[in-house]
Amino acid sequence: MQKCLDNNVIDEILTFDALKKINKSKINRIIKNNVNIHIDDSQLKEHKKLWQISKKIITTNYDKSLELSKPSSKIEVENYKNVEENVSAFKTDQWLFHLHGRIDNIDDCIIFSKDYVNLYSKNHRAVEQLKYQAQGTLVFIGFSMKDEYVSKLFNELDLLFEERLLQNHFIVLQEDEN
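Residues numbered from 1 in each chain as written. Predicted model: local features only at pLDDT ≥ 70, side-chain atom pairs only at ≥ 80, totals over all residues. Heavy atoms only, no water.

S.K.: Got a minute to help me understand the layout of surface pockets in this structure?
M.R.: Using a probe with the size of a water molecule, rolled over the atoms, empty space left in the structure can be pinpointed. The computed volume of the second largest pocket comes to approximately 200 Å³. Along its surface, the second largest pocket is lined by 16 residues, and Y80, D108, I110, D115 and N118 are the ones closest to its centre. At the level of secondary structure, the elements contributing two or more residues to the lining of the second largest pocket comprise α2 (12-35), α5 (80-85) and α6 (113-119). A breakdown of the residues in the lining of the second largest pocket according to their chemical character gives seven nonpolar, three polar and six charged. (1 Å grid on protein atoms, 1.4 Å probe; cavity = no way out; pocket = protein on both sides within 12 Å on 5 of 7 lines; lining within 4 Å. Points joined across faces, edges and corners; volume = space filled by probe spheres on them. Helix = DSSP H or I, 4+ residues; strand = E, 2+ residues; numbered from the N terminus. Nonpolar A, V, L, I, M, F, W, Y, C, P; charged D, E, K, R; others polar.)

Here's what the structure looks like:
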């Protein structure tokens, strides 16, 4: 299976969907054990640079790297579940938004295709809030433009950005990604 993933024969979401039928809690435990690792401050140099670009960062990564590198405790940390349940999310102009959830609550993370379909549905509050927050300089990190859900979201955001001239938006991609 690892060879199929490495060669882009199958993607991670389909792999997790197939394994979910075997044991969802075991998959969650494996993800948590591999993502929830100790991170030394010396490993956060690049993450700290991102905060110099913007105080509004949106990530699909579950880990705590961006949280640990925050230059201020005043930067609020949100995830899709908080935004879905909390009308007062994004109270400040400095925030980190974990769009796919945080490793601290693996059961609420967006992992399986059903989760993606629910999150990226037309009327999901978190995605709508993200569109509303699309002002000023934003940094998107951890997104894959090969992901159909993310591509759709960015197409919708692109339409919003066209209306707001001279705004800066950055997407950090892996080198091999188009």
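And the narrative resumes.
S.K.: Just to check I follow, could you spell out the nonpolar core for this structure?
M.R.: Taken as a class, soluble globular proteins show a tendency for nonpolar side chains to be buried jointly. Counting residues in each nonpolar core, the largest one holds 21 residues, and the members touching the most others are I58, F97, L99, L119, Y120, F140 and F143. For this core, the leading source of residues is helix α8 (residues 148-163), giving five residues. (Core = buried A, V, L, I, M, F, W, Y, C linked by side-chain atoms within 4.5 Å. Buried < 20%, exposed > 50% of the residue type's maximum accessible area, 1.4 Å probe, protein only.)

S.K.: Would you mind showing me how to read the pattern of salt bridges here?
M.R.: When charged atoms on two side chains of opposite charge get close, those side chains can pair. This structure, assessed with the given rule, holds five salt bridges. Residues D104 and K64 are paired through a salt bridge, measuring 3.1 Å at the closest nitrogen-oxygen approach. Pair noted here: D104 is in the loop between β3 (95-98) and α6 and K64 is in the loop between β1 (56-59) and α4 (65-68), with a separation of 40 residues, a long-range link. On the accessibility criterion, D104 (39% relative accessible area) is partly exposed. Several salt bridges share partner residues, and in doing so they unite K64, E67, R102 and D104 into one network. (Salt bridge = Lys/Arg side-chain N within 4 Å of Asp/Glu carboxyl O.)

S.K.: Explain the confidence of the model for the protein chain here, please?
M.R.: Detail in the predicted coordinates should be disregarded across regions flagged by low pLDDT. For the protein chain, the average pLDDT comes to 75, and 68% of its residues sit at 70 or higher. Within the protein chain, no element has a lower average pLDDT than helix α1 (residues 2-6), which sits at 50, and none a higher one than helix α3 (residues 45-53), at 91. (pLDDT = per-residue confidence, 0-100.)

S.K.: How should the environment of W51 be read in this particular structure?
M.R.: Its location among the elements puts W51 in helix α3. Under the relative-accessibility criterion, W51 is labelled buried at 1%. Distance in space between the C-alpha atoms of W51 and K70 is 6.9 Å, their sequence separation being 19 residues. With near-sequence residues (within four places) excluded, W51 lies in contact with I57, L66, S69, K70, P71, I75, W95 and L96. Separated by 3.2 Å, the side chains of W51 and S69 make a polar contact. (Contact = heavy atoms within 4.5 Å. Polar contact = N/O pair within 3.5 Å; in protein donor to acceptor, adjacent residues only side chain to side chain.)

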